Amino acid sequence: MVRIPILFILFLLAREAQAIVWRGDLKEAESKQQAEMAQVGKVFYSPLRVFGGSCLAMGGKWVLTSRHGTDKWPPQFLAVEFPGLGKERYSVVEIVFPKEGDYALLKLAKEVKKAKKPVIFEGDPKKGHRVWIGGFGKSGPVGKIGSGGKFFSGHNKVDGLRGGKISISLSKPDDKLAEKDEAILAIYDSGSPLFVETKEGWRLAGVASTASNGRNPGYGDRGNYARLKDGGDWIQKLMEGE
């Protein structure tokens, strides 16, 4: 039996992760889980099942989330839920990490009902590429971040690559090129997805990894996503070899 001291559990849960904060001129971000965002879920930690992160159902028994949010936990101490797909909570039986990159795959005890396999974006999104983000962590307009646990989503545009990760930032209120529902990462939702807009629809390109000011994001602050460009084949083979 694996034993983890309570203080160590609290320390791990206090590690920064990301959520959704939107521009102050937007009354409220989108809270309905629809289309690709219906498969965004919550990650629960420790035997106490404390909410502390986000994830994405990948179809079958597989779930995508962040590496830094799972690499200190045994799989039996993790569980996930997908409110956009149903009320069931799923237990984790295995955690698999790529050779590099801040993402991980969780294998569940059984398949997630209604989950479909997302299409992974090939290549890197370019500057100005429109993206869609969403998560369950602490959320709210700039300067008024509330409690977590409720889903919100918004759009943004890619600034470019920073440190090998897809980077976005929150535009200033007078920026006429900003998305009307522009959002950025905050705290307590690492592992949430970034989808990029293509002619064929939304494609999965990244996993929430770091933020320049995760606890109190403001205009100009950045959110960074681990790229899935180099991990697409690894994810595909792992899921097919189930």
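Look up a bit, the structure's there.
Residues numbered from 1 in each chain as written. Predicted model: local features only at pLDDT ≥ 70, side-chain atom pairs only at ≥ 80, totals over all residues. Heavy atoms only, no water.

A. Structural detail: the overall build of the chain. For the chain, the count of helices and strands is two helices and 15 strands. In the chain, buried positions account for 54% of the 242 residues. Taking all contacts inside the chain whose residues are at least 6 apart in sequence as the whole, residues at least 24 apart take part in 71%. Working note: accessible area of the chain is about 11400 Å², and carbon and sulfur atoms make up 51% of it. (Helix = DSSP H or I, 4+ residues; strand = E, 2+ residues; numbered from the N terminus. Buried < 20%, exposed > 50% of the residue type's maximum accessible area, 1.4 Å probe, protein only. Contact = heavy atoms within 4.5 Å. Areas by Shrake-Rupley, 256 points an atom, 1.4 Å probe, with all protein chains shown as cover.)

B. Just the sheet that holds strand S11 (residues 165–169), in detail. The six strands are arranged S8-S10-S11-S15-S14-S13 in a closed barrel whose pairing can be described as antiparallel. The mean inter-strand angle of the sheet, taken between neighbouring strand axes irrespective of direction, is 45 degrees. Relative to S11, strand S10 (residues 152–162) runs antiparallel, the two being bridged by four bridges. Note on S11: the bridge partner recorded for arginine 162 is lysine 165. (Pairing = 2+ DSSP bridges. Axes fitted to C-alpha atoms, helices over the stretch in contact; angles between N-to-C directions.)

C. Here's a closer look at the pairing of S11. Counting buried positions over the five residues of S11 gives four, a clear majority of the element. From the end of S10 to the start of S11, which pair antiparallel, there are two residues, and glycine 163 there has a positive phi angle of about 60 degrees. Bridge analysis of S11 against strand S15 (residues 222–227) gives five bridges, and the strand direction is antiparallel. In the sheet register, isoleucine 166 faces S15, and the bridge partner there is tyrosine 225.

D. Quick look at unusual backbone geometry. The backbone phi angle of alanine 35 is positive, close to 50 degrees, even though this residue is not glycine. Within the secondary structure layout, alanine 35 lies in the loop between strand S1 (20–22) and strand S2 (40–45). Alanine 35 sits in the exposed class, given a relative accessible area of 57%. A positive phi angle, close to 75 degrees, is found at lysine 114, a residue other than glycine.

E. Expanded view of the pattern of salt bridges. Enumeration over the complete set of coordinates arrives at ten salt bridges. For the salt bridge of arginine 130 with glutamate 179, the shortest nitrogen-to-oxygen distance reads 3.0 Å. Pair noted here: arginine 130 is in strand S8 (residues 130–135) and glutamate 179 is in the loop between S11 and strand S12 (183–185), with a separation of 49 residues, a long-range link. Glutamate 179 is paired through a salt bridge with lysine 157; the nearest N and O atoms lie 2.7 Å apart. Of the two residues, glutamate 179 sits in the loop between S11 and S12 while lysine 157 sits in strand S10, which places them 22 residues apart along the sequence. Residue classification places lysine 157 among the partly exposed positions, given a relative accessible area of 27%. Among the charged side chains, a network of salt bridges with common partners joins Arg130, Lys157, Glu179 and Glu197. (Salt bridge = Lys/Arg side-chain N within 4 Å of Asp/Glu carboxyl O.)

F. Highlighting helix H2 (residues 232–240). Along H2, the positions that sit buried rather than exposed are Gly232, Ile235 and Met239. Projection of H2 onto a plane perpendicular to its axis shows the buried side chains occupying an angular sector of 70 degrees, all on one side. Summarising the geometry of H2, the exposed residues directed more than 90 degrees from the buried face are Asp233, Lys237 and Glu240. Taken together, the buried residues of H2 touch strand S4 (62–65) and strand S7 (104–108). (Arc of directions from axis to C-beta.)

Read these as geometric descriptors, not functional statements.
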